[in-house]
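An overview of the molecular structure
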Amino acid sequence: MNNWDFSVIPKYFTSFMPYAWMTVQVTVFGLLIGLVLGLGFALLRLSKLKILNYPAKAYIWAIRGTPLLLQLLFIYFGLVTIVVIDKIPAACIALGIHNGAYIAEIFRGSIQSVDRGQREAGLSLGMTSGKIMKNIILPQAFKRAVPPLGNQFIIALKDSSLASAISVGELLLHARQLGSSQYQLMEMLTIAAIYYLFMTTVLTVISNLVEKKLKVSDNKSTI
Amino acid sequence: MVEINDKYIEKKGATGSKTKEEPAPKNIVVANSIEESSEGIDIADRLKEEKILEADIEKKGDDLEIPIMIQIKNLSKWYGKHKVLKNINLSVKTGEVVVVIGASGSGKSTMLRCINFLEKAQKGIISIDGKEISVKSKKLHLIRQEVGMVFQHFNLFPHRTIMGNVIEGLVKVKGMSSHEAIERGKKMLDKVGMLEKADTYPSMISGGQQQRVAIARALAMEPKVMLFDEPTSALDPELVGDVLLVMKKLAKEGMTMIVVTHEMGFAREVADRVIFVDEGEVIEEGAPNIIFDNAQNPRTKEFLSKIL
Ligand SMILES: Nc1ncnc2c1ncn2[C@@H]1O[C@H](COP(=O)(O)OP(=O)(O)OP(=O)(O)O)[C@@H](O)[C@H]1O
Ligand SMILES: [Mg+2]
């Protein structure tokens, strides 16, 4: 074990590709579900109707108060008893439900941060609350949500590794399996780390670019 | 696509230097005043003068025939236990310009915001253009289309261009095609001297310019009344004049206006009536020269002595 041989890295590097692709897929589908749930629950959470607030509060409370690994196992084994579900969609759903709670809070914060004068201006033009939300508040709120969302996406990408617990064939699972079969765990974990670092770096760069671009369109005084 | 409009600049001086016409006949020109483009102004001005002459002849004291645009009866509003409006009664005739003055916290904004139902009063009756409106109505958004509002902090939409701001209501509320809306938007921006900036964003223009765009945005909806809540108090002193000029022009065109302001010069020149509000009550009202030079109520006198 103390005889690490990093020269094997190039040899195994490409074999990680399909597993990295699985990581990407689980993350992307999980985030898509999370974004939809997040927006929905954020709107419920902010609704003037108190009855709608409670389910949103309960959801956010339950998800933020329990570990993702538990949620993943809960959903996979829980769902299996009701419907036939494969481990990959189960992982996407679990990641989606988990991220939904955090994304709901991100959206809630960014919606609330839009000055209430914006709503009043919309109202005074004769817009209904729904139109104001769609045309005035959300476009501004989404811009403000970009930095925290970027951060959440990176967390989700790393968290997708927990899907290995229900043996979804993603990066970490492959690294561990290959590592134990070849007795080269450190080397294989290093390869996985390189993949993760590459992907999170790409996400960071994209998020920074988007942020910059939105800033320009909102505040063109630099031109 | 933006035509530079120096005509406006010439006009500005011209309009500004004119003295105010008699307030009474304003209602007569109210109908098409909003549609004027800069080219239309000369004609419109001429028409207006003719009509004013006619009106002067007809006038002879039959003020009663001017329809009432806003009628407020026994309006009371509480925030929790705090009663901020106490039995307000006010009626504003079509074409009338009413200036509301009063100390900070006296309830001026609240009163104004009750008129377009941004705040809902617990007691009293509000009628707009003869129709009594219940605060419980599900169609308040339709009422608000007819009542334009200009805010102290402009509240332009930062994610929309200047033109985008002006056409937002036209497209999203009135369902106008964007082509048609832009045509109207150009007229409105021209009217406030902001057509040049149609394609820029609110953050790129000065506060005074933003406020003029906000006025254009409200006017585009062709409201029956315009409410102004301290439209110049967030502006640097040198930017106040342009906004007041636009408001004066609007008043001359016959727009019904309720203006909360500390600009006493504007009140003197433009208002048909000045209303002094104190602790949620209308304490005194009258023509500007009467209120400013000959107030009866000691509280009015005290307030004016501080501000004048
Ligand atoms: N949303 C609110 N909740 C509770 N109290 C409020 C609210 N808005 C206003 N008030 C109170 O109502 C009173 C009247 O406020 P309002 O804003 O109408 O005064 P104003 O005459 O417009 O003052 P200013 O000149 O400072 O704008 C004040 O005492 C204020 O503190
Ligand atoms: Mg106020």
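See the structure printed just above.
Residues numbered from 1 in each chain as written. Chains lettered and ligands numbered in written order. Predicted model: local features only at pLDDT ≥ 70, side-chain atom pairs only at ≥ 80, totals over all residues. Heavy atoms only, no water.

What to know about helix 12 (residues 298-307) of chain B
Residue and element names in this part refer to chain B. Those residues of helix 12 that sit buried are Thr300, Phe303 and Leu304. With its buried residues spanning 95 degrees around the axis, helix 12 presents them on a single face. Of the exposed residues in helix 12, those oriented more than 90 degrees away from the buried face are Pro298, Ser305 and Lys306. For helix 12, the secondary structure elements touched by its buried residues are strand 3 (97-102), helix 10 (264-270), strand 9 (273-278), strand 10 (281-286) and helix 11 (288-294). Regarding helix 12, its N-cap is Asn297, as a side-chain oxygen of that residue lies 2.8 Å from the backbone nitrogen of Arg299 further along. (Buried < 20%, exposed > 50% of the residue type's maximum accessible area, 1.4 Å probe, protein only. Helix = DSSP H or I, 4+ residues; strand = E, 2+ residues; numbered from the N terminus. Arc of directions from axis to C-beta. Contact = heavy atoms within 4.5 Å. Polar contact = N/O pair within 3.5 Å; in protein donor to acceptor, adjacent residues only side chain to side chain.)

As for the sheet that holds strand 6 (residues 147-150) of chain B
All names here are of chain B. Spatial strand order, 6-7-8-3-9-10: six strands in an open sheet with mixed pairing. At either end of the open sheet lies a strand with only one pairing partner, and these are strand 6 and strand 10. Across this sheet, the average inter-strand angle for adjacent strands is 20 degrees, counted without regard to direction. Summarising the sheet, strand 9 and strand 10 pair through five bridges and their orientation is antiparallel. What sits directly across from Ile275, in strand 10, is Glu285. This element, helix 8 (residues 207-220), spans strand 6 and strand 7 (225-229) of the sheet and lies at about 170 degrees to strand 6. Helix-sheet contacts for helix 9 (residues 237-252) involve strand 3, strand 7 and strand 8 (256-260), and the interaxial angle to strand 8 is about 145 degrees. (Pairing = 2+ DSSP bridges. Axes fitted to C-alpha atoms, helices over the stretch in contact; angles between N-to-C directions.)

Considering the site of ligand 1
All names here are of chain B. Close contacts around ligand 1 come from Tyr79, His82, Val84, Ala103, Ser104, Gly105, Ser106, Gly107, Lys108, Ser109, Thr110 and Glu230, and that covers them all. Between an oxygen atom of ligand 1 and a main-chain N or O atom of Gly105, the distance comes to 2.8 Å. Taking Thr110, its side chain carries an N or O atom lying 2.4 Å from an oxygen atom of ligand 1. Considered on its own, ligand 1 offers 630 Å² of accessible surface; in the complex 61% of this is hidden by protein. Breaking the shell around ligand 1 down by element, the ones donating at least two residues are strand 2 (82-93) and helix 4 (108-115). (Near = heavy atom within 4 Å. Areas by Shrake-Rupley, 256 points an atom, 1.4 Å probe, with all protein chains shown as cover.)

Notes on the nonpolar core
The biggest cluster of nonpolar side chains holds 99 residues, and the ones touching the most others in it are Leu189, Ile215, Met226 and Met257 of chain B. When neighbours within four sequence positions are excluded, Leu189 of chain B is seen to be in contact with Ile162, Met163, Val166, Met194, Leu195, Ala198, Val213 and Ala216 of chain B. (Core = buried A, V, L, I, M, F, W, Y, C linked by side-chain atoms within 4.5 Å.)

Some remarks on the packing of aromatic side chains
In the structure shown here, the tally under the stated rule is seven aromatic pairs over all chains. Note on Phe16 of chain A and Tyr195 of chain A: the rings are 5.9 Å apart at their centroids and 20 degrees apart in plane angle, and the pair reads as stacked. Of this pair, Phe16 of chain A sits in the loop between helix 1 (9-13) and helix 2 (17-46) while Tyr195 of chain A sits in helix 9 (residues 185-218), placing them 179 residues apart in sequence. Taken individually, Phe16 of chain A and Tyr195 of chain A each receive the classification buried, so the pair is uniform in this respect. Ring centres of Phe276 of chain B and Phe303 of chain B lie 5.2 Å apart, and the angle between their planes is 35 degrees; this geometry places the pair in the tilted category. (Phe/Tyr/Trp six-rings, centres within 6.5 Å; stacked < 30°, edge-to-face > 60°.)

Things to note about the sheet that holds strand 5 (residues 131-133) of chain B
Where strands meet in a sheet, backbone hydrogen bonds hold them as pairs that are either parallel or antiparallel. Residues and elements named next belong to chain B. Overall, antiparallel pairing links the four strands, which are arranged 2-1-4-5 in an open sheet. Strands with a single pairing partner mark the edges of an open sheet, and in this sheet they are strand 2 and strand 5. Each strand of the sheet is rotated relative to its neighbour by a mean of 20 degrees, with strand direction disregarded.

Observations concerning the packing of helix 6 (residues 162-172) of chain B against helix 8 of chain B
Residue and element names in this part refer to chain B. Close contact between helix 6 and helix 8 brings their axes to 8 Å; oriented N to C, the two are set at 25 degrees. As summarised for this structure, helix 6 and helix 8 are arranged roughly parallel, according to the angle between their axes. Judged by the sense of rotation from one axis to the other, the crossing of helix 6 with helix 8 is right-handed. Residues Ile162, Asn165, Val166 and Leu170 of helix 6 form the contact with helix 8, whose own contacting residues are Val213, Ala216, Arg217 and Ala220. Among the residues forming the contact of helix 6 with helix 8, the class breakdown is six nonpolar, one polar and one charged. (Parallel < 35°, antiparallel > 145°, perpendicular 65-115°, else oblique. Left-handed = near helix turned anticlockwise from the far one by under 90°. Nonpolar A, V, L, I, M, F, W, Y, C, P; charged D, E, K, R; others polar.)

As for the interface of chain B and chain A
In this assembly, 24 residues from chain B lie in contact with 24 residues from chain A. Both faces combined, the contact of chain B with chain A buries some 2,000 Å², and carbon together with sulfur accounts for 58% of it. When residues of chain B are sorted by the area they lose upon contact with chain A, Phe157, His159 and Lys172 of chain B head the list and together hold 24% of the total. Applying the counting rule to chain B against chain A returns one salt bridge. As a salt-bridge pair, Glu120 of chain A and Arg113 of chain B come within 2.8 Å of each other at their nearest N and O atoms. Between the two partners, chain B and chain A, sit eight residue pairs in polar contact (both at pLDDT 80 or more). Mapped onto the side of chain B that touches chain A, the elements with two or more residues apiece are helix 5 (140-145), strand 6 and helix 6 of chain B. Along the lines of polarity and charge, the residues of the side of chain B that touches chain A split into eleven nonpolar, seven polar and six charged. (Buried area = accessible area lost by both parts, 1.4 Å probe. Salt bridge = Lys/Arg side-chain N within 4 Å of Asp/Glu carboxyl O.)

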